[in-house]
Amino acid sequence: MNYSFNLLNKCYLINNYINKYILSCFPNKEYILKNEIDSYMYNNIKYIFKYQICDNKLDILNDILVNVSLLNYYSYICFNKEIIKNKRYVSVSNYLIEIKKIVYGLIKYEKNK
């Protein structure tokens, strides 16, 4: 369970970062993109709690990977639309890469179990 706690901690950090530095300065005309990012961030936390109590752990981990990949894609869109600057984009991408590494490690652990 240590890895799932680490994953939850990283998701909590990225959620705080995105809320504080990205979503707070989003233009009103991009509200759909903002809502999608917000939704996927909180879905990740929901899936992490679900991972801890459910039996079908590989499917849940794959859902987390999909959400993280979509967050990475949405952050790229924000960067291309100049909603966020390069520094913020790199920070978000690095957080998401760390989350992906943890999830891949959990997938490997669950397959070898």
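On a predicted model such as this, the values are computed, not experimentally measured, just so you know. (Residues numbered from 1 in each chain as written. Predicted model: local features only at pLDDT ≥ 70, side-chain atom pairs only at ≥ 80, totals over all residues. Heavy atoms only, no water.)

Caption draft 1: Region of interest: the overall build of the protein chain. When its secondary structure is counted, the protein chain shows 4 helices and 0 strands. In summary, the protein chain has a C-alpha radius of gyration of 14 Å against a globular reference of 13 Å for 113 residues, a match within 12%. Out of the 113 residues belonging to the protein chain, those deemed buried represent 41%. For the protein chain, restricting intrachain contacts to residue pairs at least 6 apart in sequence, the fraction spanning at least 24 positions comes to 72%. Here the protein chain has roughly 7,000 Å² of accessible surface; of this, 53% comes from carbon and sulfur atoms. Charge-centre separation for the protein chain: the mean point of 16 positive side chains lies 7 Å from the mean point of 9 negative side chains. (Helix = DSSP H or I, 4+ residues; strand = E, 2+ residues; numbered from the N terminus. Rg over C-alpha atoms; globule rule 2.2 N^0.38 Å. Buried < 20%, exposed > 50% of the residue type's maximum accessible area, 1.4 Å probe, protein only. Contact = heavy atoms within 4.5 Å. Areas by Shrake-Rupley, 256 points an atom, 1.4 Å probe, with all protein chains shown as cover. Lys, Arg positive; Asp, Glu negative; His and termini not counted. Charge placed at Lys NZ, Arg CZ, Asp CG, Glu CD.)

Caption draft 2: Layout of the state of the cysteines. One pass over the structure, following the stated rule, counts 0 disulfides. Free of any disulfide, Cys11 has its nearest cysteine sulfur in Cys54, 16 Å distant. Judged by relative accessible area, Cys11 falls into the buried class, the value being 1%. Of all cysteine sulfurs, the one in Cys25 lies closest to Cys78, which takes part in no disulfide; the gap is 9.2 Å. For Cys78, a relative accessible area of 1% gives the class buried. (Disulfide = S-S within 2.5 Å.)

Caption draft 3: Seen up close, the packing of aromatic side chains. Counting across every chain of the model gives 6 aromatic pairs. For the ring pair Tyr17 and Tyr95, a centre distance of 5.8 Å and an interplane angle of 50° mean the geometry is tilted. Linking Tyr17 in helix 1 (residues 2-21) with Tyr95 in helix 4 (residues 86-112), this pair joins segments that are 78 residues apart in sequence. The buried category is assigned to Tyr17, whose relative accessible area is 13%. Centre to centre, the rings of Tyr40 and Tyr74 are 5.8 Å apart; their planes meet at 45°, and the pair counts as tilted. With Tyr40 in helix 2 (residues 31-53) and Tyr74 in helix 3 (residues 57-80), this pair connects stretches of sequence that are 34 residues apart. With respect to burial, Tyr40 and Tyr74 carry one shared label: buried. Aromatic rings pair up to connect Tyr17, Tyr21 and Tyr95 into one cluster. It is Lys46 that lies over the ring of Tyr47; its NZ or CZ is 5.3 Å from the centre. The side chain of Lys57 reaches across the aromatic face of Tyr51, ending 4.7 Å from its centre. (Phe/Tyr/Trp six-rings, centres within 6.5 Å; stacked < 30°, edge-to-face > 60°. Lys NZ or Arg CZ within 6 Å of the ring centre and 35° of its normal.)

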